[in-house]
Amino acid sequence: MNRLRAKAAGAARRLGIERATRPAPPPFDRRTVLLAGVERDMRVLEIGPSYNPLAPRSEGWETCVVDHATREELIEKYRDPAHGVDVSRIEDVDVVWTEGGLDEAIPRELHGFDVCLASHLIEHTPDLVGFVQGVTAVLCEDGWLSLAVPDMRYCFDLLRAPTRVGQLLDAHARRASRHDLATLYDQRAYATRLDGHIAWEPSADPRLVELLGSLEGARELLSGPPAEYVDCHAWQFTPASFELAVLELSALGLLDVHVAASHDTVGCEFFVTLRRGADVPANAEELDRARLDLLRRSVSEVAETWAAVLG
């Protein structure tokens, strides 16, 4: 038997088909994806890093930190051991941003960043269009926006409807700085969990989904949205529906960006790089074909998961 194996191996070598040992692919590292192309000497703007910065100054990055609260306030917010947070990772906040445009909140002399990092933030912005406009205003000519976005299929947004551009236009027209009644109600009434978790892997069984909130909790909103800011997911996306929104908003002249790179969903999130300059098809027919393709893809993405919920 050993002689037969040796002869077979020799024949394989002569034919040039010797089996090569293939190294295992490296484990996925979300930070590597989000920091792709970013060099240590670049000027980085990181928005909302809280207790998990992607480019901390403590590691030598030249980063300007923007958040909704000061470092001291963030430490107090996450000090409770129940959060499981290492508060020592919270860095000094350079700009506390609670209202108005981002480009107005950041002093003009600081404008000209090479890259902006925003992880799980864009879905919280009351005015997504205004947010992206503000980011592009503070970037240098060749700068880009690196995003991590929750995939609605694999988090508590599962049973909410995908966001369409009309909703984004309405929020921008209102210069929204707070989430409206519809948005707050939908999160309280339709948020879900799966096997006790608010985010999960694509391999999880969606038939196990259950409501996270209650109608009684949503009933509190009948008197109107609270006067103070209440955080929630305002926008729900899949990779294709997000790309569609960028394309249409750029075609309408509200954004001047394009999807320069994207990474498929891993875990509960997907990754997108937006660069300056709209990349819109030259004529209306080509634009409509691109839109229809993205619409079909976005419908397919959600339909497959919703069908799985039904079993």
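Just so it is clear, the model here is predicted, and its values are computed rather than measured. (Residues numbered from 1 in each chain as written. Predicted model: local features only at pLDDT ≥ 70, side-chain atom pairs only at ≥ 80, totals over all residues. Heavy atoms only, no water.)

Visitor: Run through the pattern of salt bridges, naming residues and quoting values.
Guide: Evaluated as defined, the whole model comprises 15 salt bridges. The shortest N-O distance in the salt bridge between Arg31 and Glu59 comes to 2.5 Å. You can see Arg31 sitting in helix 2 (residues 30-34) and its partner Glu59 sitting in the loop between strand 1 (43-47) and strand 2 (62-67), a full 28 residues away along the chain. In this structure Arg31 comes out as partly exposed when scored by relative accessible area, which is 26%. Across the pair Arg153 and Asp151 runs a salt bridge whose closest N-O atoms are separated by 2.6 Å. The structure contains a network of salt bridges with shared partners spanning Asp170, Arg174 and Asp180. (Salt bridge = Lys/Arg side-chain N within 4 Å of Asp/Glu carboxyl O. Helix = DSSP H or I, 4+ residues; strand = E, 2+ residues; numbered from the N terminus. Buried < 20%, exposed > 50% of the residue type's maximum accessible area, 1.4 Å probe, protein only.)

Visitor: Please set out the packing of aromatic side chains residue by residue, giving values where relevant.
Guide: Under the definition given, this model contains six aromatic pairs. Between Phe28 and Phe271 the ring centres are 5.7 Å apart and the planes differ by 45 degrees, which places this aromatic pair in the tilted class. Placement of the pair is Phe28 in the loop between helix 1 (2-14) and helix 2 and Phe271 in strand 9 (residues 269-276), with a sequence separation of 243 residues. The partly exposed category is assigned to Phe28, whose relative accessible area is 39%. Taking 4.8 Å as the distance between ring centres and 70 degrees as the angle between the ring planes, the aromatic pair formed by Tyr51 and Tyr78 counts as edge-to-face. Taken together, the residues span a long stretch of sequence, with Tyr51 in the loop between strand 1 and strand 2 and Tyr78 in helix 3 (residues 71-78) at a distance of 27 residues. Residue classification places Tyr51 among the partly exposed residues on the basis of a relative accessible area of 34%. Residue Tyr78 is classed as buried on the basis of its relative accessible area, which comes to 15%. Connected via pairs of aromatic rings, a cluster forms that spans Phe237, Phe242 and Phe270. (Phe/Tyr/Trp six-rings, centres within 6.5 Å; stacked < 30°, edge-to-face > 60°.)

Visitor: Could you give an account of the confidence of the model for the protein, with specific residues and numbers?
Guide: Should the pLDDT be low somewhere, the predicted coordinates at that spot are not to be read in detail. Mean pLDDT over the protein: 92, with 92% of residues reaching 70 or higher. Of the regions scoring below 50 in pLDDT, residues 4-9 engages in zero contacts with residues more than four places distant in sequence or in other chains. Of the regions scoring below 50 in pLDDT, residues 11-19 engages in three contacts with residues more than four places distant in sequence or in other chains. (pLDDT = per-residue confidence, 0-100. Contact = heavy atoms within 4.5 Å.)

Visitor: Please give an account of the layout of surface pockets that cites residues and values.
Guide: Estimated volume of the second largest pocket: approximately 270 Å³. Taken together, 17 residues make up the lining of the second largest pocket; nearest its centre are Gln167, Asp180, Thr183, Ala234 and Trp235. Within the residue set of the lining of the second largest pocket, elements represented by two or more residues are helix 6 (165-173) and helix 7 (181-190). (1 Å grid on protein atoms, 1.4 Å probe; cavity = no way out; pocket = protein on both sides within 12 Å on 5 of 7 lines; lining within 4 Å. Points joined across faces, edges and corners; volume = space filled by probe spheres on them.)

Visitor: Help me get a handle on the sheet that holds strand 9, residues and values and all.
Guide: Read across the open sheet, the seven strands follow the order 3-2-1-4-5-9-8; overall the sheet is mixed. The open sheet terminates on both sides in strands that have one partner only, identified here as strand 3 (95-96) and strand 8 (257-266). Here two bridges tie strand 2 to strand 3, and the two strands are oriented parallel to one another. Within the sheet, the bridge partner assigned to Val66 lies in strand 3 and is Val95. Relative to strand 5 (residues 139-150), helix 5 (residues 128-138) is tilted by about 145 degrees, and along the sheet it contacts strand 1, strand 4 (113-119), strand 5, strand 8 and strand 9. (Pairing = 2+ DSSP bridges. Axes fitted to C-alpha atoms, helices over the stretch in contact; angles between N-to-C directions.)

Visitor: Can you break down the nonpolar core residue by residue, with the values?
Guide: Of all hydrophobic cores here, the largest spans 39 residues; its most connected members are Leu45, Ile47, Phe131 and Phe242. Put simply, the parts of the chain that give this core at least two residues each are strand 1, strand 2, strand 4, helix 5, strand 5, helix 6, helix 9 (239-251) and strand 9. Among the elements that line this core, the one with the most residues is helix 5, at six residues. Apart from residues no more than four positions distant in its own chain, Phe242 is found in contact with Ile122, Leu147, Phe237, Phe270, Val272 and Leu274. Counting 13 residues, the second-largest nonpolar core is a separate cluster that includes Val44, Ala55, Trp61 and Val115. (Core = buried A, V, L, I, M, F, W, Y, C linked by side-chain atoms within 4.5 Å.)

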